[in-house]
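A closer look at the structure
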Amino acid sequence: MRHDEMIGKVQALAQLPDRGTAERATHAVASTLAERLPSGLARHVAAQLPPDMAAAMREAADASGAPDAGTAGERFGLTAFAGRVAVRAGTDEETALREAAAVMEVLDAALAPELTERMAHALPADIRELLPVERATQDVEG
């Protein structure tokens, strides 16, 4: 999926006033997601994204862990996730969660299904709830 298409979809889904706000939200969620995921997985996700979004995700993955692909992501739940997204996007936590759900839905459509599934498995249940309903409710224990 192209960058403009992704931003347009985020803007529409989150009902954002302009593309700049959608761009900030998308980058905020991508960066925060990269901090939460194992670094190798974050880099795999970044590899399937448009260049500028991929760069934001790689920077966050590199900052949160060693270059080793096995490095675990930071451990934090939905409250911290929302707080980080809110700070990066310049909004409040409630808006950040709404925007994050829109970004996660667009990512779900943009990424290879098996990669989105790996991402869902790596996230705690509370953050996984931001994924589209069918992915968020999958049994990720097995």
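All figures in this text were calculated on a predicted structure; none of them were measured in a lab.

When helices and strands are counted, the chain shows nine helices and zero strands. Walking the chain from its N terminus toward its C terminus, one meets helices and strands in the order α-α-α-α-α-α-α-α-α. Burial statistics for the chain: of 142 residues in total, 51% are counted as buried. When the accessible surface of the chain is summed, it comes to about 6,600 Å², and 51% of that surface belongs to carbon and sulfur atoms.

On to the side chain of Arg128. Position of Arg128 among the secondary structure elements: in helix 8 (residues 125-128). A distance of 2.8 Å separates the side chain of Arg128 from the backbone oxygen of Leu123, its partner in a polar contact.

Our focus in this paragraph is the packing of helix 5 (residues 78-89) against helix 6 (residues 93-110). Each pair of packed helices can be described by the angle between their axes along with the distance between the axes. The contact between helix 5 and helix 6 brings their axes to 8 Å, and the two run at 95 degrees. As far as their axial angle goes, helix 6 and helix 5 are roughly perpendicular. On helix 6, the residues that touch Leu78, Thr79, Phe81, Ala82, Gly83, Val85, Ala86 and Ala89 of helix 5 are Glu93, Ala96, Leu97, Glu99 and Ala100. In terms of residue class, the contact of helix 5 with helix 6 is built from nine nonpolar, two polar and two charged.

Confidence in the prediction of the chain, expressed as mean pLDDT, is 88, and 87% of residues score 70 or more. Of all the helices and strands in the chain, helix 9 (residues 133-136) carries the lowest mean pLDDT, 56, while helix 5 carries the highest, 97.

Now for helix 2 (residues 19-36). Its 18 residues place the ends of helix 2 26 Å apart at the C-alpha level, agreeing with the 26 Å of an ideal helix rising 1.5 Å per residue. Capping of helix 2 at its N-terminal end is provided by Asp18; its side-chain oxygen lies 3.1 Å from the backbone amide nitrogen of Gly20.

Counting residues in each nonpolar core, the largest one holds 45 residues, and the members touching the most others are Leu33, Leu37, Val45, Leu49, Phe81 and Met104. Listed by contribution, the elements that provide at least two residues to this core are helix 1 (3-14), helix 2, helix 3 (39-47), helix 4 (51-64), helix 5, helix 6 and helix 7 (113-122). Among the elements that take part in this core, helix 6 stands out by supplying eight residues, more than any other. Residues contacting Val45, with those up to four places away along its chain left out, are Leu37, Met57, Leu111, Leu115 and Met119.

Secondary-structure assignment places Pro132 in the loop between helix 8 and helix 9. The class of Pro132 is buried, set by a relative accessible area of 11%. For the pair Pro132 and Asp108, spaced 24 residues apart in sequence, the C-alpha to C-alpha distance is 7.5 Å. Ignoring anything within four residues of it in the chain, the contact list for Pro132 reads Met104, Glu105 and Asp108.

As a further point, take the side chain of Glu99. On the secondary structure map, Glu99 appears in helix 6. The side chain of Glu99 sits in the buried core without any salt bridge; Arg98 is the nearest counter-charge, 5.1 Å away. Other than its neighbours up to four places away in sequence, Glu99 contacts Ala14, Leu16, Thr21, Ala25, Ala89 and Thr91.

Attention shifts here to unusual backbone geometry. One can expect most non-glycine residues to show negative phi and most peptide bonds to be in trans. Of note, the phi angle at Gln15 is positive, near 55 degrees, even though the residue is not glycine. You can see Gln15 is positioned in the loop between helix 1 and helix 2. Residue Gln15 is classed as exposed on the basis of its relative accessible area of 70%.

Criteria and cut-off values
Residues numbered from 1 in each chain as written. Predicted model: local features only at pLDDT ≥ 70, side-chain atom pairs only at ≥ 80, totals over all residues. Heavy atoms only, no water. Helix = DSSP H or I, 4+ residues; strand = E, 2+ residues; numbered from the N terminus. Buried < 20%, exposed > 50% of the residue type's maximum accessible area, 1.4 Å probe, protein only. Areas by Shrake-Rupley, 256 points an atom, 1.4 Å probe, with all protein chains shown as cover. Polar contact = N/O pair within 3.5 Å; in protein donor to acceptor, adjacent residues only side chain to side chain. Axes fitted to C-alpha atoms, helices over the stretch in contact; angles between N-to-C directions. Parallel < 35°, antiparallel > 145°, perpendicular 65-115°, else oblique. Contact = heavy atoms within 4.5 Å. Nonpolar A, V, L, I, M, F, W, Y, C, P; charged D, E, K, R; others polar. pLDDT = per-residue confidence, 0-100. Expected span 1.5 Å × (residues − 1). Core = buried A, V, L, I, M, F, W, Y, C linked by side-chain atoms within 4.5 Å. Lys, Arg positive; Asp, Glu negative; His and termini not counted. Salt bridge = Lys/Arg side-chain N within 4 Å of Asp/Glu carboxyl O.

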